[in-house]
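Coordinate analysis (summary)
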Amino acid sequence: MAKQKWSSNGSTSQHITNEMLAPFTSGVMPTSQVEMTLSCRNLMNADLLSKSDPYCIVWMKDSQYQDQYFEVGRTERIDDNLNPEWVKKFILNFNFETVQKMKFEVWDVDPDGQDFLGEFETTLADIVSFSGRQFVGNLTGIPGRRLGEIVIVTEEVASCKQIVRMKFGARNLTKLSWFFSNNPFLVMSRSNEDGSASVVYKTEMCRRTQNPMWQPFTMRVTTLCNGDYDRNIRIDCYDNRWNGNHKLIGSTHTSLRQLYDKKALKQLGLINEAKQNRRSNYTNSGTLEIDGVDITEEISFLDYIRHGTQMHFVVAIDFTASNGAPSDPTSLHFINPHRPNSYEIALRSVGDIIQHYDSSQLYPAFGFGAKLPPTGNVSHQFPLNNNPSHPYCKNVEEIRTHYLNRLYEVQLYGPTNFAPVINNTISIASQYKDGKHYFVLLIITDGIISDMHQTKHAIVSASSLPISIIIVGVGDANFDAMDELDSDDVRLMVDGRYAERDIVQFVPLNQFISKNGPFIKSQVDLAKAVLEEIPDQLTGYMRSCGFKPDIKTQIPGDAAVMAPTAPM
């Protein structure tokens, strides 16, 4: 495969239909979309020498299978905090005509496991009826204990495709310790209708400085202010403390319009009201420096596809012995004429969607972790069609046919190595960094990665290239290590190297397979879970490289300005 070129003849725009967009949208037309922000108050402390490190899992009941909850997502973890305000937002389709039951579970993360801190059940309709105000629910689940409250704020998402890039610094921050300089970080919050505020972003911490310069960051305007350029934004500057009891240095209030205004002051005083009330000669606790604010029009996934970006898909299937012999009915590779095995389900569910976006209709397909005849050597990448010079299949059904044939030709062995297939995709993608090509590697596997360190290195290298990696886990193995690769909340790092962006999506197939009745509980939900991050990963790569056309960005109340074309 390393010497093969990925064919990409013609444009895909004429192939796109509403059915193809199904995994990126809801199966039911939503009444509206809402953005949900979560926080908690007075959580139970499950730690002895410190405070709980809480995160929240959001669940919703499938409209077709009301006895089954599926995971919508989970927040980031906040260390040593019994009153967490999570940054992560959840965008939900609100359907007026259906009952959308929701459950929120709060957990404490410990080195040796997790502690349950409580749960709350309600419906999305009940929450939305409090839109713009704080919906408060009492956590339950541990008899005889007061577990605190969960606070849910929802707001209808405005139609706004703009993104904002900001960079902040600070000067002359007040020193809060006699012996050490501050460890400052910023927290940005937007105002709600009832006067409360919801956190929208937290910067990294700068160590030991009174004059920090934080890394630039990008977010959607809908996240920052929901398209309202005059909405109040509060920026708090804290001194980080190891026990989670961070000390406020000072705060300032602004708006996106003021931040973006080239004529406005680029220094804002950070005011600590407690000190201001005590001292008559108090001025401020330092100044916030606005180093740069740029607003551009967000280019969507379909904008790139319709303007000629070609997607290329490659498949890698796990042939290690841990799957079980194909002749064994308990094997994940068992061939049953009446029911597809887990690998067939994963291949068909993903392939039936993605094949519509690859106009070349050529799909490199490989196996890994097997001994090949006649030598018996272990291969960590072999073509399913047994043609090393042309490892391509014409469609998903051909991939499936070659997969089934190879099960009887090779000896399942091991170990489970991912790095070879990822590095091979890297060797191809590195030749096509012009914004016209994007590569998606689908890995279907049953077990724990044997070459985790090498795999991390490969993913970090791939993160600067037009590549996404989808890992579908089949069977009942422990897939905890996969969450580290699927770095939604914490950037993947290995040997001091950070991934430039999150390119991995991991999905455990068993969450979508029904033990009784239909094989797949919801085909739409499975496809959505597997593919939902691809659009953002593609647009994120294009944006980071500056692959976007000039677009006139209209700021409400101002003249049109030309969006910059430099990489963000």
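Small disclaimer: the values here were computed from a predicted structure and weren't measured.

To continue, consider the sheet that holds strand E16 (residues 287-297). With respect to topology, four strands assemble into an open sheet ordered E12-E9-E16-E15, the strand pairing being antiparallel. Where the open sheet ends on each side, the last strands, each with one partner, are strand E12 (217-220) and strand E15 (267-269). Each adjacent strand pair in this sheet contributes to an overall mean axis angle of 35 degrees, direction not counted. Looking at chain direction, E15 and E16 are connected through three bridges and run antiparallel. Opposite Leu-268, over in E16, you have Leu-288 as the bridge partner.

So, about the environment of Asp-483. Looking at the secondary structure, you find Asp-483 in helix H10 (residues 480-485). For the pair Asp-483 and Gln-505, spaced 22 residues apart in sequence, the C-alpha separation works out to 8.8 Å.

To continue, consider the pattern of salt bridges. Tallying each qualifying case throughout the model produces 17 salt bridges. We note a salt bridge from Arg-74 to Glu-71, for which the minimum N-O separation is 2.8 Å. The exposure class assigned to Arg-74 is partly exposed, which follows from its relative accessible area of 31%. In this structure Glu-71 comes out as partly exposed when scored by relative accessible area, which is 25%. The partner of Arg-348 in a salt bridge is Glu-397, and the shortest N-O contact between them spans 2.7 Å. Of this pair, Arg-348 sits in helix H6 (residues 342-354) while Glu-397 sits in helix H7 (residues 396-407), and the two are 49 residues apart along the sequence. Three or more residues joined by partner-sharing salt bridges are found here, namely Glu-35, Glu-155, Arg-190 and Arg-231.

What follows deals with the packing of aromatic side chains. Within this structure, the stated rule accounts for 13 aromatic pairs. For the ring pair Phe-185 and Tyr-238, a centre distance of 5.7 Å and an interplane angle of 20 degrees mean the geometry is stacked. Here Phe-185, found in strand E10 (residues 184-191), pairs with Tyr-238, found in strand E13 (residues 233-239); they are 53 residues apart in sequence, far enough to count as distant. Looking at Tyr-238, the relative accessible area reads 23%, which means it is partly exposed. Summarising the aromatic geometry, the rings of Tyr-432 and Phe-439 are spaced 6.0 Å apart at their centres and angled 50 degrees between planes, so their arrangement reads as tilted.

On the basis of which strands lie adjacent, the open sheet formed by four strands has the order E4-E1-E8-E7 and antiparallel pairing. The open sheet has two edge strands, strand E4 (90-94) and strand E7 (135-138), and neither has a second partner. When strand polarity is set aside, the average angle formed by the axes of neighbouring strands in this sheet is 35 degrees. In this structure, E7 lies alongside strand E8 (residues 149-156), joined through four bridges in antiparallel fashion.

About the cut-offs
Residues numbered from 1 in each chain as written. Predicted model: local features only at pLDDT ≥ 70, side-chain atom pairs only at ≥ 80, totals over all residues. Heavy atoms only, no water. Pairing = 2+ DSSP bridges. Helix = DSSP H or I, 4+ residues; strand = E, 2+ residues; numbered from the N terminus. Axes fitted to C-alpha atoms, helices over the stretch in contact; angles between N-to-C directions. Salt bridge = Lys/Arg side-chain N within 4 Å of Asp/Glu carboxyl O. Buried < 20%, exposed > 50% of the residue type's maximum accessible area, 1.4 Å probe, protein only. Phe/Tyr/Trp six-rings, centres within 6.5 Å; stacked < 30°, edge-to-face > 60°.

As far as function goes, none of this settles anything; it's purely spatial.
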